[in-house]
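Observations on the three-dimensional arrangement
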Amino acid sequence: MDQPKIERMLRLMKMLTANTLYTVDDVAERLGMSRRTVYRYIDTFREAGFVIKKSGNRIRLDKESPHFKDISQLVHFTEEEAAILKRAIESIDDTNLLKQNLKRKLYSVYDNKILADIVVRGDNATTVRHLIEAIEQRRQVVLRDYRSAHGGAVRDRRVEPFAFTANYVQTWCYDTESDSCKLFKLLRIGSVELLDDEWRNADRHVEGFIDIFRMNGDRRRPVRLRLGLMARNLLIEEYPLAEKHLTATDEQCWILDTEVADYAGVARFVAGLLDDIEIVDTPELDLYIDDYLRRYRPSSRE
């Protein structure tokens, strides 16, 4: 098979596995192919063992096809290579948004036990390996001695883990007790017990919204802040993903226009820089910070 044909087939495969569903006409137009060529390539995929699914007149390649796991094995790093890549990425300045993008791409491509051992140190690596095994085998687990952030209660949680956040800091799980998807911090897990029971709620596995201050929730609350130079620099240093939500108005002032899942994260940041941050058109945040200061910094209002 000649190289141009391989490139066209790979481009077609990329389109048919994207989140957007396309018709044959859409694909033909975007890739500059005839309908006949598109159908011929799709037949080639099917004959090679890929599962083709249709929704009305739209088509896609099923990502559950066993060959997708085979393809993922082509993108392989040895333990030494992964360690070198990790060190190279960590050497990039934390204020550079590229660093976070590189991390996410590396972890999404190489989401396995070797990289987990490199990224996560100590006892936490064992927790990650067990969770990865559960995700790969679509099994339920018990998070033993999980320490809740609210009240400090310690108890077991029966969940269905299905994804990680960047750096393996947290795991998305379907909580069978509350019948909802939640984030669980790995540092708060005592140990992980793999169960024989398979997932029972796969159709309800949904990663929720995580804002730039690393808070998560179902709601999205608009926030608009005016930041001075010091606040802007500290924001990017501590929360690198905030950079794409900043707009400069002049050399000494920036506007942060974003959404948050919970006011707690942004309030903690604003409360420490009251002299260099102004809340703009966000009265709910004003009220939240007033209450925050009364509760945690009573002397500041005297």
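Residues numbered from 1 in each chain as written. Predicted model: local features only at pLDDT ≥ 70, side-chain atom pairs only at ≥ 80, totals over all residues. Heavy atoms only, no water.

**Brief notes about unusual backbone geometry**
Operational definition: By the criteria applied, helices consist of DSSP H or I runs no shorter than four residues and strands consist of E runs no shorter than two, each listed in order from the N terminus. Using a 1.4 Å probe on the protein chains alone, a residue whose accessible area is under 20% of its type maximum counts as buried, one over 50% counts as exposed, and one in between counts as partly exposed.
Located in the positive-phi region is Arg214, a residue other than glycine, with phi close to 70 degrees. One can find Arg214 in the loop between β9 (209–210) and β10 (216–217). Residue class for Arg214 comes out partly exposed when judged on its relative accessible area of 48%. With a phi close to 50 degrees, Asp281 is a non-glycine residue in the positive phi region.

**Overview of the confidence of the model for the chain**
As a reminder, the rule being used: Across the chain, each position has a pLDDT score giving the predictor's confidence in that residue, from 0 to 100. Two residues qualify as a contact provided that any one of their heavy atoms is within 4.5 Å of a heavy atom in the partner residue.
Looking at the chain, the pLDDT average stands at 81 and 75% of residues meet or exceed 70. Note on residues 72–76: pLDDT is under 50 here. Beyond four places in sequence and across chains, it has 3 contacts.

**Structural notes on the nonpolar core**
When a protein is soluble and globular, its nonpolar side chains tend to lie buried together. For the record, the criterion: Remark: nonpolar core denotes a set of buried residues (Ala, Val, Leu, Ile, Met, Phe, Trp, Tyr, Cys) joined through side-chain atoms within 4.5 Å.
Phe213, Leu225, Leu235 and Val266 are the most contacted members of the largest nonpolar core, which totals 27 residues. Here this core gets 6 residues from one element, more than from any other, and that element is helix α10 (residues 263–271). In contact with Val266, other than residues within four places in its own chain, are Phe213, Val223, Leu225, Val260 and Leu285. Counting 19 residues, the second-largest nonpolar core is a separate cluster that includes Met9, Leu16, Tyr22 and Ala28.

**Description of the packing of aromatic side chains**
The line we're drawing: Between 30 and 60 degrees the pair is tilted, below 30 it is stacked and above 60 it is edge-to-face, where a pair is any two Phe, Tyr or Trp rings, Trp via its six-membered ring, whose centres lie within 6.5 Å. Look at NZ for Lys and CZ for Arg. If either is within 6 Å of the ring centre and within 35 degrees of the ring normal, a charge sits over the ring.
Counted under the stated rule, the structure contains 6 aromatic pairs. Here Phe45 and Phe50 contribute two aromatic rings whose centre-to-centre distance is 6.2 Å and whose plane-to-plane angle is 75 degrees, an arrangement assigned as edge-to-face. The buried category is assigned to Phe45, whose relative accessible area is 5%. On the accessibility criterion, Phe50 (10% relative accessible area) is buried. Here the aromatic rings of Phe213 and Tyr239 are separated by 4.9 Å at their centres, their planes lie at 65 degrees, and the arrangement is edge-to-face. Placement of Phe213 in the loop between β9 and β10 and of Tyr239 in the loop between α9 (229–238) and β12 (246–250) is noted, with a sequence separation of 26 residues between them. Per residue, the accessibility class of Phe213 equals that of Tyr239, and both read buried. Of the aromatic side chains, those joined through ring pairs into one cluster are Phe213, Tyr239 and Phe269. Across from the ring centre of Phe209, 3.9 Å away, lies the NZ or CZ of Arg220, which sits over that ring. Geometry around Tyr263 places Arg221 over its ring, the cationic atom sitting 5.7 Å from the centre.

**Observations concerning helix α8 (residues 124–137)**
Applied cut-off: The span expected for a helix works out to 1.5 Å for each residue beyond the first.
With 14 residues, α8 extends 20 Å from end C-alpha to end C-alpha; this agrees with the ideal 20 Å at 1.5 Å per step. All of the buried residues in α8 are Asn124, Ala125, Thr127, Val128, Leu131, Ile132, Ala134 and Ile135. Of the residues one or two after α8, Arg138 is the one with positive phi, at around 55 degrees.

**Observations concerning the state of the cysteines**
As a reminder of what qualifies: Here, the term disulfide refers to a pair of cysteine sulfur atoms separated by no more than 2.5 Å.
Under the counting rule described, the total for this entry stands at 0 disulfides. Left without a disulfide partner, Cys181 is nearest to the cysteine sulfur of Cys173, which lies 9.0 Å away. On the basis of relative accessibility, which here comes to 23%, the residue Cys181 falls in the partly exposed class.

**A short note on the pairing of strand β6 (residues 170–175)**
Each regular strand displays side chains that alternate between the two surfaces of the sheet. Rules: When DSSP finds at least two bridges between two strands, those strands are taken to pair.
For β6, the buried fraction is high: 6 of the 6 residues fall into the buried class. By the alternation rule, side chains of β6 split into Gln170, Trp172 and Tyr174 and Thr171, Cys173 and Asp175, which are all buried. In terms of strand pairing, strand β5 (residues 154–164) meets β6 through 5 bridges, oriented antiparallel. Across the sheet, the residue bridging to Phe164 is Thr171, located in β6. Across 6 bridges, β6 lies against strand β7 (residues 180–185) in antiparallel orientation. Within β7, the position partnered with Cys173 by the bridge is Lys182. If you look at the hairpin formed by β6 and β7, you'll find 4 residues sitting between the two strands, and Asp179 has a positive phi there, around 55 degrees.

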